[in-house]
Amino acid sequence: MRLKTALRAAAAAAALAIATPALAKDYVIHAGHMIDGYTQTVHGKVTIVIHDDRIVRIDNGFTTPAGFEVIDLSTSTVLPGLFDCHAHVTGGMRTANRMAITPERIVIQTATNMRAILMSGFTFIRDVSGNIDVLKATKDSIEQGITPGPRMIYSGMSLTPTGGPADMSKGMDPAWTRSDGWIDNVVDSPDEATKAVRDRHQKGADIIKINASGGVASTGIDVKYQVLANDELKAIIDTAHSLHMKVAAHAHGEAGIHSSLLAGIDSIEHGTYASAEDYQLMKAKGVFLVPTLYAANEIREQALKNPDAMAPDVRAKAINVTPLMSGNLTRAYKAGVKIALGTDQLGYHPLGDSAREFVYMTQAGVTPMDAIIAATGNAAELTGQPDLGRIQDGKFADIIAVSGDPIADVTELQRVQFVMKGGKVFKAGGKPIIED
């Protein structure tokens, strides 16, 4: 009851505090250059014709059909709206006292995060571990136009065994109790795993997230260890697939990666110690890698700057393991594994700067164009969004623009000047569009 009251109050407050743009109408975008999100071509001087929430057609040159409003981006580079395939939008509250993070606080933080993410040009988020009630309410409020934010699919808290990375009771005084199901993601048998998947599906989750190995940011377990047993992995994946839900595996260690691949996983998140055999399996099965280099750099930076703020084993992993994550992307990319962009921002920095991931990806050897496709066409394929991720006839009009050339300077994607989602303009001239 308390959480439901908090959600209603926060939604009402957000509706007053953050205005939404006008309804979609007919536009033509005059694009000086256009990256379509699925080919290697940079198109020059095109007109994107938009009716309501969809792209009708793309004309060569600049045309202006009667009755259409012109959006002049003739000196800009236009791209599809970007995807972050590994986000935690309820985050941004770094505290050692987990009992102090109330549902009300999570709601307010999430609304702030979602607005910042949208304004940064990321029009689609795949959230892979967070409070499922908050995520559902957030998604509903965005879809109903109450608050601004990107499109979203979500998993709820990732499924983990006792003592696994997402066991939030780990290290807590066992005398403390909470009544909100805060550890209902802990599963210790195939039957419990099956029930947890069905429970998430009933609560509106679109995907399932699991912990197949230890984690960097969690204490008490080596990243190389497999944590969910093979029969538990199979139960989760089989149940999810029967409900038409994809499954993402947090997996650093090779044992967890390999077992997840054999069980039928859809994506490997992180993948630090993946082997050449794993890359071949990923290619053969069409499994995506979501490399999350943002998180690797973020937590290492914190371990070096504030070493006493982390448990000793977390600090050691942050310093020693995370640099290996870049090498994993280099090897996977060269092996031809499908890549989708995901940041795994941990909350040490304010959410809304996911585009840093492009810099880290290109430093690992991914071309700027392929990094962009990882955040558009590839990401749309991974997340099951055939109407998004491309500037193409019939697709939703989720479109962004930057002033310069992101192929020559990928940091341009950190300075998005224009954001349209579903034919509605949310940002223009580098400023949010706010309705009176």
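Once a new chain begins, its residue numbering starts again from 1 and follows that chain's sequence as written. Under the rules for a predicted model, residues below a pLDDT of 70 receive no local features and side-chain atom pairs below 80 are neither given nor counted, while totals for whole chains, interfaces and linings still include all residues. As a rule here, side-chain values cover all heavy atoms of the structure and leave hydrogens and water aside.

### Quick notes on the overall build of the protein chain
Then, in step 1: Put simply, DSSP H or I for four residues or longer makes a helix, DSSP E for two residues or longer makes a strand, and each gets a number counted from the N terminus. Along the backbone of the protein chain there are 13 helices and 16 strands.
Then, in step 2: Only protein chains enter the area calculation, which uses a 1.4 Å probe; residues under 20% of their type maximum are buried, those over 50% are exposed, and those in between are partly exposed. Looking at the 436 residues of the protein chain, the share that counts as buried comes to 55%.
Then, in step 3: In what follows, a contact means two residues having at least one pair of non-hydrogen atoms within 4.5 Å. Contacts in the protein chain between residues far apart in sequence, at least 24 positions, make up 70% of those at least 6 positions apart.
Then, in step 4: Shrake-Rupley sampling with a 1.4 Å probe provides the accessible areas, and residues are treated as covered by the protein chains on show and by no other component. As displayed, the protein chain has an accessible area near 17600 Å², and 53% of this comes from carbon and sulfur atoms.

### Section: the pattern of salt bridges
Then, in step 1: We define a salt bridge as a contact between a side-chain nitrogen of Lys or Arg and a carboxyl oxygen of Asp or Glu at a distance within 4 Å. What the rule picks out here adds up to 16 salt bridges.
Then, in step 2: The partner of Asp199 in a salt bridge is Lys203, and the shortest N-O contact between them spans 3.2 Å.
Then, in step 3: According to the relative accessible area criterion, Lys203 is partly exposed, its value standing at 30%.
Then, in step 4: Between Asp409 and Arg415 there is a salt bridge, and its shortest N-O distance comes to 3.6 Å.
Then, in step 5: With a relative accessible area of 32%, Asp409 lands in the partly exposed category.

### Some remarks on helix α2 (residues 103-119)
What sets the pattern is the α-helix's 3.6 residues per turn: residues three or four places apart point alike.
Then, in step 1: Working rule for helices: expected span equals 1.5 Å times residues minus one. If you check α2, its first and last C-alpha atoms are 25 Å apart, about what 17 residues at 1.5 Å a residue would give, namely 24 Å.
Then, in step 2: Residues of α2 that are buried include every one of Pro103, Ile106, Val107, Gln109, Thr110, Asn113, Met114, Ile117, Leu118 and Met119, and no others.
Then, in step 3: Of the residues flanking the end of α2, it is Gly121, one or two places downstream, whose phi is positive at about 100°.

### Examining the sheet that holds strand β11 (residues 288-290)
Then, in step 1: Strands sit in the order β8-β9-β10-β11-β12 across an open sheet of 5 strands; the sheet is parallel. What marks the edges here is a single partner per strand, and that holds for β8 (207-211) and β12 (338-339).
Then, in step 2: Strands qualify as paired when DSSP identifies two bridges or more between them. As defined by bridge partners, strand β9 (residues 246-251) adjoins strand β10 (residues 267-270) across 4 bridges and the pair is classed as parallel. Across the sheet, residue Ala249 finds its bridge partner in β10, namely Ile268.

### Considerations on unusual backbone geometry
Then, in step 1: In this model, Asp52 sits at a positive phi of 55°, which is unusual for a non-glycine residue.
Then, in step 2: Within the fold, Asp52 resides in the loop between β2 (42-51) and β3 (54-60).
Then, in step 3: Its identity as a non-glycine residue notwithstanding, His270 has a phi of 85°, on the positive side.
Then, in step 4: For His270, the location among the structural elements is in strand β10.
Then, in step 5: A residue is classified by how much of its surface remains accessible, and His270, at 3% relative accessible area, is buried.

### Digging into the confidence of the model for the protein chain
Then, in step 1: Here the protein chain averages 90 in pLDDT, and 88% of its residues register 70 or above.
Then, in step 2: Per-residue confidence from the predictor is given as pLDDT, running between 0 and 100. When the criterion is pLDDT under 50, residues 5-20 qualifies, and its contacts beyond four places in sequence or with other chains add up to 21 contacts.

### Describing the environment of Tyr273
Then, in step 1: Take Tyr273: it is sitting in the loop between β10 and α7 (276-285).
Then, in step 2: With relative accessibility at 24%, the residue Tyr273 sits in the partly exposed group.
Then, in step 3: In this structure, the C-alpha to C-alpha distance between Tyr273 and Ile257, residues 16 residues apart in sequence, is 8.2 Å.

### Some thoughts on the sheet that holds strand β6 (residues 122-127)
Then, in step 1: Read from one edge to the other, the open sheet built from 3 strands follows the order β5-β6-β7, with strand pairing classed as parallel. Each having just a single partner strand, β5 (82-87) and β7 (151-154) make up the two edges of the open sheet. Looking at each pair of strands side by side, their axes are set apart by 15° on average, direction ignored.
Then, in step 2: Relative to β7, β6 is paired through 4 bridges, and the arrangement is parallel. Across the sheet, the residue bridging to Asp127 is Tyr154, located in β7.
Then, in step 3: Axis lines are fitted to C-alpha atoms, over the contacting stretch for helices. Their N-to-C directions set the angle, which ranges from 0 to 180 degrees. Set on the sheet, helix α3 (residues 132-143) makes contact with β6 and β7; between it and β7 the angle comes to about 155°.

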